[in-house]
Amino acid sequence: MNIYLPIAEMSVNIFLILGLGVVTGVLSGLFGVGGGFLMTPLLIFIGVPPAVSVSTVGNQIIASSVSGFLAHWRRENVDFKMGWFLLGGGLVGSTLGVEIFRWLKQLGYIDLIISVSYVAFLGVIGAMMANESVRSIMGIVKKHSPHARPKLATRLPFKIEFPKSKLHISAIMPVAIGFFVGIMVSLMGIGGGFFLIPAMIYLLGMPTAVVIGTSLFQIIFITANVTFLQAITTQTVDIMLALLLLSGSVIGAQFGSRWGAKLPADYLRASLAAIVLLVALKLAWGLFTPPSDIYSVSVLE
Amino acid sequence: MRVAFLCLSFIVHLSSFIVPSAQATPLVADLSNYRIDIDSGFNGTRIFLFGARNDNGDIVAVIRGPQKDYIVRKKEEIAGIWVNRDRMRFWGVPDFYAIATSKPLNEIEQTSLFRQLGIGQENLLSPPPSPKSRTSFEQFADAFLRYQHERRLYMKEPDPVSFMGETLFKTVIEFPDDIPPGAYTAEIYLISDGEVVGMQSTPITVVKSGIDAFLFMYAHDYPALYGITAVVLALVIGWFAGRMFEKM
């Protein structure tokens, strides 16, 4: 059964879109990531124009993140104070990011930048996470405390207390992390969880239990900001497509959150590391192998 | 150039009315419908094209979609990575192009007629003035045509125009689901001995309708409001889904 999407200007299979939504929703609740890294390429693969895919997926991520976030909030697994600081940097970063996106798109280099960014950061983050979580699973004892001790965060100025995470670190760190992640969210059409979660664990030293909920809190506001900005600047947000994706993903996110709470933290991190590395490898492959068509066409606005 | 030619053609036919003659109009043609509404259930459609010729000659029917400007980019390998380098722009090219002929195009006698009228997809793109950049132009032009073929907005081969008897003809034009809205034209030519002896032109209007038209208009005319609606909708649905599952 097909439905016509007004902004994407094409018709799609309803069940395909709903299924896509459910799968990414489960990932969202399980790992605290938005699922955008999977959904955006899949939408582009089935023929939705890339600009519309990126903007509309951002819109959809809001809903699935809210859905997953509520579950963590009820279990009191959110550090709001940290969240607000992350948000401060995040709103500025994502606004700047939308402008950079537009500029790169005009030059024709946006695809390259997106791919290189994905490969570099996912590769590094994936490797770090894989290393840490596998060692944790194998029971290799670390010399310092159960959760990674952040070095830089404790040495920078403006230190304040974050009671929920039991931390006393510089406020500059969360703001800087939020800013950087905000830019990446706008450029790559993702929720930002991939950057946030490892950053929270390794750079801020937050306990794993609180990380997912706080990351979802951040994602909600950043993606809301980016969606709004994309709607204003490029008019590429397709509400109908977003609603279809939403329907599947809010349901999926609830299940994902429940399962996530029951599984051991280091296995979760190891699985996420594996997914991250796979995506990085696939993108690197795409960069270095000749494309199926060396020519690409787009309409001049 | 094409406009001048059409004007000339029109005047020639007008004169055949002013000077009394026993000849009937060389070509009459019509369409099954002049308007395509794109609504939620739109999955492509088809328009029937039919008419009668009162002279010998071949029928060529051309449907052109709204004109747009395109840029084609070519990737090159730099330090192992494939990057966009060269580019070429094409101005005023139709976003949809369908053609139906009673005989294969290369069998119809003509010299520069097709180029002037923009008949045949190769004749839609104007080559650069210098012969030096000819080869690269051809590669970029081919790439553009490939792209339109993939989107099914340009047909690879012309559709056949079939005759019933000597005078009546008909053909079917297929439109896929992702046709751009806008002003289209259907031009039907009767070509004999390398000249246009009859011609008819009809506009086709393709519009979004229903909730899709509303959403599209809303997104483009009130972008801030649309953006806020999209965000709020997502927040509310996510919230309700969360509450609903808590109760389960």
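Everything below is about the structure printed above this text.
Residues numbered from 1 in each chain as written. Chains lettered and ligands numbered in written order. Predicted model: local features only at pLDDT ≥ 70, side-chain atom pairs only at ≥ 80, totals over all residues.

Asks: What should I look at first to understand the overall build of chain A in this one?
Replies: Looking only at helices and strands, one finds eleven helices and five strands in chain A. Among the 301 residues that make up chain A, the fraction classed as buried is 55%. The contacts of chain A with a sequence gap of at least 6 include a subset with a gap of at least 24, amounting to 82%. (Helix = DSSP H or I, 4+ residues; strand = E, 2+ residues; numbered from the N terminus. Buried ≥ 20, exposed ≤ 12 C-beta atoms within 10 Å, placed from the backbone. Contact = placed C-beta atoms within 7 Å.)

Asks: When you look at the packing of helix α1 (residues 14-31) of chain A against helix α10 (residues 239-262) of chain A in this model, what are you seeing that I'm missing?
Replies: A pair of packed helices is captured by two measures, namely the crossing angle of their axes and the spacing between those axes. Residue and element names in this part refer to chain A. For the pair α1 and α10, the least separation of the axes is 5 Å and the interaxial angle reads 35 degrees. Considering only the axes of α1 and α10, their crossing is right-handed. Residues of the contact of α1 with α10, tallied by class, amount to 18 nonpolar, 14 polar and no charged. (Axes fitted to C-alpha atoms, helices over the stretch in contact; angles between N-to-C directions. Left-handed = near helix turned anticlockwise from the far one by under 90°. Nonpolar A, V, L, I, M, F, W, Y, C, P; charged D, E, K, R; others polar.)

Asks: What am I meant to see in the interface of chain B and chain A here?
Replies: By a frequent convention, interface size equals the accessible area lost on bringing the separate parts together. Across the boundary between the two partners, chain B contributes 50 residues, which contact 47 residues of chain A. A breakdown of the residues in the side of chain B that touches chain A according to their chemical character gives 28 nonpolar, nine polar and 13 charged. Sheet topology note: the strand β5 (residues 295-299) of chain A/strand β5 (residues 67-78) of chain B ladder contains five bridges and is antiparallel. Within β5 of chain B, the residue paired with S298 of chain A across the bridge is I71 of chain B. (Pairing = 2+ DSSP bridges.)

Asks: How should I be thinking about the pairing of strand β1 (residues 2-5) of chain A in this particular structure?
Replies: Successive side chains on a regular strand alternate, one facing one side of the sheet and the next facing the other. All names here are of chain A. By the bridge criterion, four bridges tie β1 to strand β2 (residues 10-13) in an arrangement that is antiparallel. Bridged to L5 within β2 is M10. Where β1 folds back onto β2 in an antiparallel hairpin, the turn is made up of four residues, including E9, whose phi is positive at roughly 60 degrees.

Asks: Which parts of the structure should I look at to understand the environment of S247 of chain A?
Replies: All names here are of chain A. As for its position among the elements, S247 is in helix α10. Assessed through the 20 C-beta atoms surrounding it within 10 Å, S247 is described here as buried. Taking the C-alpha atoms as reference points, S247 and S64, separated by 183 residues in sequence, lie 9.1 Å from one another. Not counting residues within four places of it along the chain, the set of residues in contact with S247 comprises L18 and G21.

Asks: What should I look at first to understand the sheet that holds β5 of chain A in this one?
Replies: Within a sheet, each strand pairs with its neighbour through backbone hydrogen bonds, oriented either parallel or antiparallel. In space, the three strands of this open sheet follow the order β5(A)-β5(B)-β6(B), with antiparallel pairing throughout. This sheet does not close on itself; its edge strands, each paired only once, are β5 of chain A together with β6 (81-94) of chain B. Here the average twist between neighbouring strands, direction ignored, is 25 degrees.

Asks: Where do I start with the nonpolar core in this structure?
Replies: Nonpolar side chains in soluble globular proteins generally cluster together in the buried interior. With 134 residues, the main nonpolar core has I220 of chain A together with L49 and A61 of chain B as its most contacted residues. The biggest single contributor to this core is helix α9 (residues 208-233) of chain A, with 14 residues. In this structure, this core is formed jointly by two domains, domain 1 (25-208) and domain 2 (209-248) of chain B, each of which donates at least three residues. With near-sequence residues (within four places) excluded, A61 of chain B lies in contact with L49, I99, A100, V161, T171, A186 and I188 of chain B. Counting nine residues, the second-largest nonpolar core is a separate cluster that includes Y70, M88, F140 and F144 of chain B. (Core = buried A, V, L, I, M, F, W, Y, C linked by C-beta atoms within 7 Å. Domains from an automatic or database assignment.)

Asks: Looking at this structure, I do not really get helix α8 (residues 193-204) of chain A. What am I missing?
Replies: Residues lying three or four places apart along an α-helix face the same way, a consequence of the helix completing one turn every 3.6 residues. Residues and elements named next belong to chain A. The buried fraction of α8 is high, at ten of twelve residues. Of the positions making up α8, those classed as buried are G193, F194, F195, L196, I197, P198, A199, M200, I201 and L204. Of the residues flanking the end of α8, it is G205, one or two places downstream, whose phi is positive at about 80 degrees.

Asks: Help me out: how do you make sense of the pairing of strand β3 (residues 45-53) of chain B in this one?
Replies: Bridging between strand β1 (residues 27-31) of chain B and β3 of chain B involves five bridges; their strand directions are antiparallel. Paired with V28 of chain B across the two strands is A52 of chain B, which belongs to β3 of chain B.

Asks: So what exactly am I meant to see when it comes to unusual backbone geometry here?
Replies: Generally, phi is negative for residues other than glycine and the peptide bonds are trans, each holding for most cases. A positive phi angle is found at E76 of chain A, which is not glycine, with a value near 60 degrees. Within the fold, E76 of chain A resides in the loop between α3 (50-74) and α4 (80-107). A positive phi is found at R152 of chain B, a non-glycine position, where the angle reads about 60 degrees. Of note, R152 of chain B is situated in the loop between α3 (134-150) and β8 (159-160).

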